[in-house]
Amino acid sequence: MIVENSRLIDLLSEEQKTDLSSLEKQFAHHLEYTIGKSKYTIKNEDIYKALGHTVRDFLIDRLNITNERYRKEDPKKIFYFSLEFLMGRTLMNALINLGLYDLVKQMIGGFGFKLEEVLEFEMDAGLGNGGLGRLAACFLDSMATLNIPGFGYGIRYDYGIFNQIIANGAQVEMPDHWDADGVPYEVIRPDVTYSVGFFGYTETKVSGKGKLQHYWIPDETVLASAHDCPIPGFNTSTVNYLRLWTAKSSEEFNLDYFNHGDYMKAVQDKSISENISKVLYPNDTTEQGKLLRLKQQYFMVCASLQDIIQNHKQTHSGLENLSDKIAIQLNDTHPSIGIAELMRILIDLEDWSWEKAWDLTIRIFSYTNHTVLPEALETWKVSLIEKLLPRHLEIIYEINHRFLESIRSSGKLSDFEIGEVSIIAEGAEKRIRMANLAVVGSNKVNGVAALHSDLITKTIFRSFYKIFPEKFNNKTNGITPRRWLIQSNPGLSELICKKIGGSFATDLSRLRDLEKFVDDADFRNDWANVKQANKDNLAKLIKSDTGIVIDPASMIDVQVKRFHEYKRQLLNVLRVIALYRRIKENPNLQITSRTVIFGGKAAPGYYMAKLIIKLINNVAWMVNHDKDVDGRLKVVFLPNYRVSLAERIIPGTNLSEQISTAGTEASGTSNMKFMLNGALTIGTLDGANVEMLEEVGEENIYIFGLKTEEVFALKEKGYDPGDYIRKNEELHRVLLMIRENYFSMNEPGVFSPIYDSLFYTDSYLLAADFTAYDEMQRKIAQDFRNQDVWTKKAILNVARAGKFSTDRTIREYAEDIWKVPLLPMMEPKTKYKLA
Ligand SMILES: *Cc1c(COP(=O)(O)O)cnc(C)c1O
């Protein structure tokens, strides 16, 4: 029964809370009764928690208003399925989006605390690895801001991406128990719980009407229980949510064991099923094929589809119109088992025919591809799926059979090409290709930058493109300007607002209006002062996190991202070593002073990536302790790169390193964050860098190196890195320093694998690009000496970054893929004012 008690709502409406004295009362109430503190025992941490609960009340008010609206208007809803949401911190973002930031700052000040310090107590929700998970988080912000009924579905991992510490130069992984002290803003919904089956067997019976009826009898069931993170839009009353599932044992104890006196075994079984949501898999781009990972994927998808279908049935007579009312976006192939699951629901549980079920399914799903690297394409052993999800395997075989039949009869593909598009990879051990399942089962397939979307139609999905050209499209990634400009860089936001007003917050293309001030010397001076203040802050952070003292006037040169060979952090550090050598050879060398900063995590099992982290740390130690260097070069590795750290590094950066081998980085999004914060980019023609160049113009970005076609051609003709190394004397000497243990005197030989891989394989063509990279870095060093010209370029980068807002990306998804209109905005009670 639903309690219709409007008095509950009237007693404390949002209206009444939004003046200072009511806000204070509400906050004091949480401090005293929710947190349980008296004024004599309050600490900063308690202030954070009480504030979290206060903000949660506002979020829930608007969440209820929004849900009420969706109930009345019944718009089409979008569900973003992702195994990763890299949310970072929530509180400050919520204060800004709700329009409460200034009021709360004043209120907290009144209690004798500083808001900025209080907010530092929040742990990052690191429920993702890198760009893919952060994209999902930015999308949620934009969907709410654009008043799209868009919701995230994912897993509430007990442990997010590991915490990284550096010991003896090397990465050490520590558990990230992010929710240890509770998560004040989340809404726990024990009433929203579904059961998810695993293992067991299938049966087929002939029903009364002579129809085949399929049954799956799982032999393990686990409960999925919902936790909602409210997602407030910026300056709108829309609050959507991210629904994260946590695994609960379906029985408190296994009574069989319990009755036989094995109490401990009974409790253990309970914790084994709860393992499903225990920990995020820390692999970025590569998959391991582990059973628990497949369990996580199916767990997420099964609970989410039940939730969607149950909600749909509450307000509609059946599932006939489901594709008019919902769309599901698959963030990579990780949730693509959902295609088979929806088919199972429709056929086995709803008794639909195959044809009708398939017609609905392919209208509902769309798939976003995030990589062209073959090793990153997810496949599962048939034997594993057969064991865990026997009915799904039957369905996948049937999907494949019908698909291949139709392709064969169309005569469009050769036998070889038919083998390529098959969902089943034949071989010693048969495997299911999840990307092929996702393409076949989706309405639209998109890449994440123009170059990438084009590349997938020529490489991994070449044969699919021949048969379904209309399925393929591009949706260039973006970032939310609320977090990545307004929140992370208040100084710059305020300066921009003073010049062109605050409309850029929701229409980032308005930044173009800055172009006309580029010749205004006072403006440039203000701009340079903001950048310098951000650099000073970054210098303090570096001092407190690493003990290293840097020169805040030096060029801040930053490469922060996951460690992967294709991203070529090694190319950067080879250049650093070359620079160091030059200083040693010529102690009076006059060069532009630089601070080269690295940050990022390596997958725990990725040997080479971890070794590169160690090389960087060892080089940093040598360079920073060498008196001869004398202020011209510092090298910093900032441990535990994460969203909250990115927010502090990026505003203080002068030069952004986006130097992946052309054709390997699908889009990149940190490239956009840096651009929006007034850093200049050194980069290859890869991912979205290509579109950044298009927007900003070639005088304002430093592009170097081989292009995608040249990379392919070079590999085709047979690449020998030795040819390039022998031609560049300096590079050769740098490699010899590594081999001769210049940076590993206490551990001779540790870096030989780096030397060997460069000399004999060099899969990512570092040697081929080294000279061009170094020459471009020299030009940059020259350009940085003219600070005024540099500032002009920085202003133009910001002015021309408008395309890279996820507001633009989400509008394109809404129009081309989801076919949902944006709802008219409902005026909120409070709005954020930029200046
Ligand atoms: C934006 C972001 C990324 C993605 O960085 P790329 O350079 O695009 O790979 C990864 N991690 C964090 C914490 C981020 O904020």
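Here is what the cut-offs are and how they apply
Residues numbered from 1 in each chain as written. Predicted model: local features only at pLDDT ≥ 70, side-chain atom pairs only at ≥ 80, totals over all residues. Heavy atoms only, no water. UniProt positions renumbered as here; feature names shortened; annotations may be inferred. Contact = heavy atoms within 4.5 Å. 1 Å grid on protein atoms, 1.4 Å probe; cavity = no way out; pocket = protein on both sides within 12 Å on 5 of 7 lines; lining within 4 Å. Points joined across faces, edges and corners; volume = space filled by probe spheres on them. Nonpolar A, V, L, I, M, F, W, Y, C, P; charged D, E, K, R; others polar. Pairing = 2+ DSSP bridges. Helix = DSSP H or I, 4+ residues; strand = E, 2+ residues; numbered from the N terminus. Axes fitted to C-alpha atoms, helices over the stretch in contact; angles between N-to-C directions. Parallel < 35°, antiparallel > 145°, perpendicular 65-115°, else oblique. Left-handed = near helix turned anticlockwise from the far one by under 90°. Salt bridge = Lys/Arg side-chain N within 4 Å of Asp/Glu carboxyl O. Buried < 20%, exposed > 50% of the residue type's maximum accessible area, 1.4 Å probe, protein only. Polar contact = N/O pair within 3.5 Å; in protein donor to acceptor, adjacent residues only side chain to side chain.

In the annotation of an unreviewed UniProt entry, the entry for the chain reads Alpha-1,4 glucan phosphorylase, and the organism field reads Leptospira idonii. The heading Cofactor (unreviewed entry) in the UniProt record of the chain holds the text "pyridoxal 5'-phosphate". Its UniProt record gives the chain the following Sequence similarities (unreviewed entry) comment, quoted word for word: "Belongs to the glycogen phosphorylase family."

Enquirer: Which parts of the structure should I look at to understand the UniProt feature "modified residue: N6-(pyridoxal phosphate)lysine" (unreviewed entry) in the chain?
Expert: The UniProt entry lists Lys673 under the feature "modified residue: N6-(pyridoxal phosphate)lysine" (unreviewed entry), expressed in the numbering used here. Not counting chain neighbours up to four residues away, the residues in contact with Lys673 comprise Arg134, Ile479, Trp484 and Ile650.

Enquirer: What's the story with empty space enclosed by the protein in this structure? I'm lost.
Expert: With a probe scaled to a water molecule rolled over the atoms, the places where space remains empty come into view. Using the criterion set out here, one finds eight cavities of 30 Å³ or more in the structure. Its residues placed into classes, the lining of the largest cavity shows eight nonpolar, three polar and three charged.

Enquirer: Looking at this model, I keep getting lost on the sheet that holds strand E15 (residues 424-425). Mind explaining?
Expert: Paired through backbone hydrogen bonds, the strands of a sheet run either parallel or antiparallel to each other. If you trace the three strands from one edge of the open sheet to the other, you get E14-E16-E15, paired in antiparallel fashion. On the outer flanks of this sheet lie strand E14 (379-381) and E15, each paired with one strand and no other.

Enquirer: In this structure, what is going on with the packing of helix H4 (residues 44-73) against helix H5 (residues 91-98)? I would like to understand it.
Expert: In helix packing, the relevant descriptors are the interaxial angle and the interaxial distance, both defined with respect to the helix axes. Where H4 meets H5, the closest approach of the two axes is 10 Å, and the angle between their N-to-C directions is 45 degrees. When the interaxial angle is binned, H4 and H5 end up oblique. Between H4 and H5 lies a crossing whose hand is left-handed. Here Tyr48, Leu51, Gly52, Val55, Phe58, Leu59 and Arg62 of H4 come into contact with H5, specifically with Leu91, Ala94, Leu95, Asn97 and Leu98. Taken together, the residues of the contact of H4 with H5 break down into nine nonpolar, two polar and one charged.

Enquirer: Sorry, what's going on with the packing of helix H13 (residues 337-349) against helix H16 (residues 390-410) here?
Expert: Interhelical geometry of H13 versus H16 gives an angle of 100 degrees and a closest axis separation of 9 Å. For the element pair H13 / H16, the angle class is roughly perpendicular. Seen from H13, the contacting residues are Ile337, Ile339, Ala340, Glu341, Met343, Arg344, Ile347 and Asp348; seen from H16, they are Arg391, His392, Ile395, Ile396 and Ile399. Residues that form the contact of H13 with H16 fall into these classes: eight nonpolar, one polar and four charged.

Enquirer: How should the pattern of salt bridges be read in this particular structure?
Expert: Once the charged atoms of two side chains with opposite charge are near each other, the side chains can pair. Going through the model one piece at a time under the given rule, you end up with 62 salt bridges. As a salt-bridge pair, Lys610 and Glu173 come within 2.8 Å of each other at their nearest N and O atoms. A residue pair is termed long-range when its members are at least 10 positions apart, and Lys610 in helix H25 (residues 607-624) and Glu173 in strand E6 (residues 170-174) qualify at 437 residues. The class of Glu173 is partly exposed, set by a relative accessible area of 28%. Of the charged contacts, one joins Arg344 and Glu341 as a salt bridge, the two residues approaching to 3.0 Å between their closest N and O atoms. You can see Arg344 and its partner Glu341 sitting in helix H13, three residues apart, about one turn around the helix. For the pair shown, Arg344 and Glu341 are each scored as buried.

Enquirer: Is there a simple way to think about the sheet that holds strand E11 (residues 239-249) in this case?
Expert: Strands sit in the order E7-E10-E11-E4-E1-E12-E13-E17-E18 across an open sheet of nine strands; the sheet is mixed. Both edges of this open sheet fall to strand E7 (187-198) and strand E18 (472-474), since each of them pairs with a single strand only. Pairs of neighbouring strands in the sheet enclose a mean axial angle of 25 degrees, with direction left out of account. Inspection of the sheet shows strand E13 (residues 365-368) paired to strand E17 (residues 445-447) by two bridges, in the parallel sense. Looking at the pairing, Tyr367 lines up with Val445 of E17. Of the strands in this sheet, strand E1 (77-81), strand E4 (150-155), E7, strand E10 (220-232) and E11 touch H4, which is tilted by about 100 degrees from E11. Of the strands in this sheet, E1, strand E12 (326-331), E13, E17 and E18 touch helix H35 (residues 806-818), which is tilted by about 115 degrees from E12.

Enquirer: Just checking my understanding: could you explain the side chain of Ser644 for this structure?
Expert: Mapped onto the fold, Ser644 is located in helix H26 (residues 643-649). Accessibility expressed as a relative area gives 5% for Ser644, which makes it buried. Side chain to side chain, Ser644 and Asp124 meet in a polar contact 2.7 Å long. Not counting residues up to four positions away in its chain, the partners in contact with Ser644 are Arg89 and Asp124.

Enquirer: Got a minute to help me understand the environment of Ala428 in this structure?
Expert: Within the secondary structure layout, Ala428 lies in the loop between E15 and strand E16 (431-433). Given a relative accessible area of 97%, Ala428 falls into the exposed group. A C-alpha to C-alpha distance of 53 Å links Ala428 and Thr238, two positions 190 residues apart in sequence.

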